[in-house]
Amino acid sequence: TFRRSGIGHETLVKRKAEEELENLRRKVHMKKQAEEKAADQFRMRFKSKQEELKLEGDLRRSQRACQQLDTQKDIEVPREPWYWTVPEKEEQEEEEEEEEKEKEEDECGSDDLSVVEKLQILTSYLREKHRYCIWCGTAYEDEEDLSSNCPGPTSADHD
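Predicted model, so just to flag it, every value in this text is computed and none were measured.

K.L.:
What is the right way to read helix α1 (residues 9-72) from this model?
P.N.:
Since the α-helix turns once every 3.6 residues, residues separated by three or four places project in the same direction. The terminal C-alpha atoms of α1 lie 94 Å apart, and with 64 residues this matches the ideal 94 Å at 1.5 Å per residue to within 8%. Listing the buried residues of α1 in full gives D58, L59, S62, Q63, A65, C66, L69 and D70. Buried residues along α1 sit against α3 (115-130) and β1 (132-133). Just downstream of α1 lies D74, where phi reads positive at about 60 degrees.

K.L.:
When you look at unusual backbone geometry in this model, what are you seeing that I'm missing?
P.N.:
Glycine aside, residues mostly have negative phi, and peptide bonds are mostly found in the trans state. The phi torsion at D74 lies on the positive side, around 60 degrees, for a residue other than glycine. In this structure, D74 sits in the loop between α1 and α2 (88-104). Using a relative accessible area of 67% as the deciding quantity, one classes D74 as exposed. One non-glycine residue, R131, adopts positive backbone phi at about 55 degrees. Locating R131 in the fold gives a position in the loop between α3 and β1. Looking at R131, the relative accessible area reads 24%, which means it is partly exposed.

K.L.:
What am I meant to see in the UniProt feature "coiled-coil region" (unreviewed entry) in the chain here?
P.N.:
In this structure's numbering, the residues bearing the UniProt feature "coiled-coil region" (unreviewed entry) are residues 7-41. This span, residues 7-41, is 94% helix and 0% strand, and a straight line between its end C-alpha atoms measures 53 Å.

K.L.:
What exactly am I supposed to notice about the packing of aromatic side chains here?
P.N.:
The geometry of an aromatic ring pair comes down to the distance between the two centres and the angle between the two planes. Counting across every chain of the model gives 3 aromatic pairs. Where W82 meets Y83, the ring centres are 4.8 Å apart and the plane angle is 65 degrees; that geometry is what we call edge-to-face. Assigned by exposure class, W82 and Y83 land together as buried. The rings of W82, Y83 and Y125 are connected pair by pair, giving a single aromatic cluster.

Conventions and cut-offs
Residues numbered from 1 in each chain as written. Predicted model: local features only at pLDDT ≥ 70, side-chain atom pairs only at ≥ 80, totals over all residues. Heavy atoms only, no water. Helix = DSSP H or I, 4+ residues; strand = E, 2+ residues; numbered from the N terminus. Expected span 1.5 Å × (residues − 1). Buried < 20%, exposed > 50% of the residue type's maximum accessible area, 1.4 Å probe, protein only. Contact = heavy atoms within 4.5 Å. UniProt positions renumbered as here; feature names shortened; annotations may be inferred. Phe/Tyr/Trp six-rings, centres within 6.5 Å; stacked < 30°, edge-to-face > 60°.

Here is the structure:
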């Protein structure tokens, strides 16, 4: 069958089809952008988590080194309790004690320090007191030996 239409009807139909196509393209583009943004956010969270785990590992290594080096120098009590590692059983008991203390305390204590801050403080202590760098894995003879042979006080300096 033959359909009749008025002048300009084909142009109107064509324009509507083009608008629908453009709307569809816009939706596809927006969806693609949203997916890319979600993927970027995931990568950022993953990278952040990896960096956090690396920092925690560096802190534990520093604590073990500090405990060992302090013990070799007959230091029986760490400068700060968190300078040394805590055995597993004691850790659970300590966490329970800390929760009770937190309820009592206002805002003092090592829990106010982030992992990064603890690592920086402990790294400085190890370098000053023991001339030791956890990233080099070396105890140096003196300050001059440390400063001339160790790239610096951070993990990034050793990359």
